[in-house]
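What the coordinates show
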Amino acid sequence: MEQLNKRGQTGGLITGLVFGIAALVIGVIIAFVVVGTLSNANLMTGGRVTTSVLNEVGFINATTYTLTNVNENTFDYSISSAVNRSSGAAIPASNYTLSSRGILTNTSVGTGYAWNNVSLNYTYITYSNEELATTDLVGNFTSGIDNVSGKLPTALLVAAIVLILAILGVLVGVWQKMRMGGGSI
């Protein structure tokens, strides 16, 4: 029977660690490219619906006002006009802000301007459930990669410890062979 050469067995461990980490990095890069390309291709935008609302009665005062049609699928609110119903005068856009989620805030509170009877004309976009799910998936994928990259130093530390223990094991084996092979004259 042929004698097996047992020297250099740690090469398999080192090679496995290097190729394992390289495969992980390459796999993550490929996944990022695929997910990023599909997400940026705007394949889901066909399900969006733009809606215009005319003459919604609301207020622009010290508190915030949430537009009527706000829900988890509506975004990109835009006011085309705000009119004081009492006087019929248009309210300048510099007196209020509107978040992309439909929250109307008075920016002129300190100056004493407040309107409790306002007619609002605005538009908003309703996103499809599929588009929202895809957007959430991309966000979750990114945060998941952040979690994995945070754990990578720990994985490398464990790999280094295993490598050191393997080298120590080989050295102990060589030392024991040297002790047994002592000769007497």
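Residues numbered from 1 in each chain as written. Predicted model: local features only at pLDDT ≥ 70, side-chain atom pairs only at ≥ 80, totals over all residues. Heavy atoms only, no water.

Structural notes on the overall build of the protein chain
The helix and strand tally for the protein chain stands at two helices and six strands. For the C-alpha atoms alone, the extent of the protein chain along its principal axes is close to 120 × 40 × 20 Å. The buried share of the protein chain, taken over its 185 residues, is 18%. Taking all contacts inside the protein chain whose residues are at least 6 apart in sequence as the whole, residues at least 24 apart take part in 76%. In the structure as shown, the protein chain presents an accessible area of about 12,700 Å², 63% of it carried by carbon and sulfur atoms. Within the protein chain, the 8 negative side-chain charges are centred at a point lying 24 Å from the centre of the 8 positive side-chain charges. (Helix = DSSP H or I, 4+ residues; strand = E, 2+ residues; numbered from the N terminus. Buried < 20%, exposed > 50% of the residue type's maximum accessible area, 1.4 Å probe, protein only. Contact = heavy atoms within 4.5 Å. Areas by Shrake-Rupley, 256 points an atom, 1.4 Å probe, with all protein chains shown as cover. Lys, Arg positive; Asp, Glu negative; His and termini not counted. Charge placed at Lys NZ, Arg CZ, Asp CG, Glu CD.)

Regarding the sheet that holds strand 1 (residues 49–60)
An order of 1-6-3 is seen for the three strands of this open sheet, with the pairing classed as antiparallel. With partners counted over all chains shown, the strands left at the sheet margins are strand 1 and strand 3 (74–84), one partner each. Here the average twist between neighbouring strands, direction ignored, is 25 degrees. Where strand 1 and strand 6 (residues 115–126) come together, nine bridges link them in antiparallel fashion. Bridging from a neighbouring strand, Glu-56 pairs with Leu-120 of strand 6. (Pairing = 2+ DSSP bridges. Axes fitted to C-alpha atoms, helices over the stretch in contact; angles between N-to-C directions.)

Points about the packing of aromatic side chains
Scanning the entire structure with this criterion turns up six aromatic pairs. On the basis of an interplanar angle of 25 degrees and a centroid distance of 5.3 Å, the ring pair of Tyr-77 and Tyr-124 is categorised as stacked. Highlighted residues: Tyr-77 in strand 3 and Tyr-124 in strand 6, separated in sequence by 47 residues. For the pair Tyr-77 and Tyr-124, a shared accessibility class is recorded, and that class is buried. The interplanar angle of 5 degrees and the centroid separation of 5.9 Å between the aromatic rings of Tyr-113 and Trp-115 together place this pair among those described as stacked. (Phe/Tyr/Trp six-rings, centres within 6.5 Å; stacked < 30°, edge-to-face > 60°.)

Considerations on the nonpolar core
Across soluble globular proteins, nonpolar side chains show a tendency to be buried alongside one another. If you look at the biggest cluster of nonpolar residues, it comprises 15 residues, and the most contacted ones within it are Ile-60, Leu-120 and Tyr-122. Contributing elements (two or more residues each) for this core: strand 1, strand 3 and strand 6. Examining the composition of this core, we find that five residues originate from one element, strand 6, more than from any other. The contacts of Leu-120, once residues within four sequence positions are left out, are Val-53, Leu-54, Asn-55, Glu-56, Tyr-65, Leu-67, Ile-79, Ser-81, Ala-82 and Leu-104. (Core = buried A, V, L, I, M, F, W, Y, C linked by side-chain atoms within 4.5 Å.)

So, the pairing of strand 5 (residues 103–106)
With burial as the criterion, only one face of strand 5 is covered, namely that bearing Leu-104 and Asn-106; the residues Ile-103 and Thr-105 on the opposite face remain uncovered. Note that strand 2 (residues 65–66) and strand 5 share two bridges and pair antiparallel. Among the inter-strand pairings, Thr-66 is bridged to a residue of strand 5, identified as Ile-103. The pairing of strand 4 (residues 96–98) with strand 5 spans three bridges and is antiparallel. Within strand 5, the residue paired with Tyr-96 across the bridge is Asn-106. Taken together, strand 4 and the strand that follows it, strand 5, pair antiparallel across an intervening segment of four residues, in which Gly-102 is found at a positive phi of about 90 degrees.

Some words on the pattern of salt bridges
In this structure the tally under the stated criterion is one salt bridge. Here Glu-131 and Arg-48 are joined by a salt bridge, their closest N and O atoms 2.6 Å apart. Of this pair, Glu-131 sits in helix 2 (residues 129–180) while Arg-48 sits in the loop between helix 1 (10–40) and strand 1, and the two are 83 residues apart along the sequence. (Salt bridge = Lys/Arg side-chain N within 4 Å of Asp/Glu carboxyl O.)

Here's the deal with the layout of surface pockets
One number sums up the size of the second largest pocket: a volume of about 280 Å³. In terms of lining residues, the second largest pocket is bounded by 14 residues, among which Leu-38, Ser-39, Met-44, Thr-134 and Thr-135 are the most central. Element by element, the count of residues in the lining of the second largest pocket is highest for helix 2, at five residues. Residue classes in the lining of the second largest pocket are distributed as seven nonpolar, five polar and two charged. (1 Å grid on protein atoms, 1.4 Å probe; cavity = no way out; pocket = protein on both sides within 12 Å on 5 of 7 lines; lining within 4 Å. Points joined across faces, edges and corners; volume = space filled by probe spheres on them. Nonpolar A, V, L, I, M, F, W, Y, C, P; charged D, E, K, R; others polar.)

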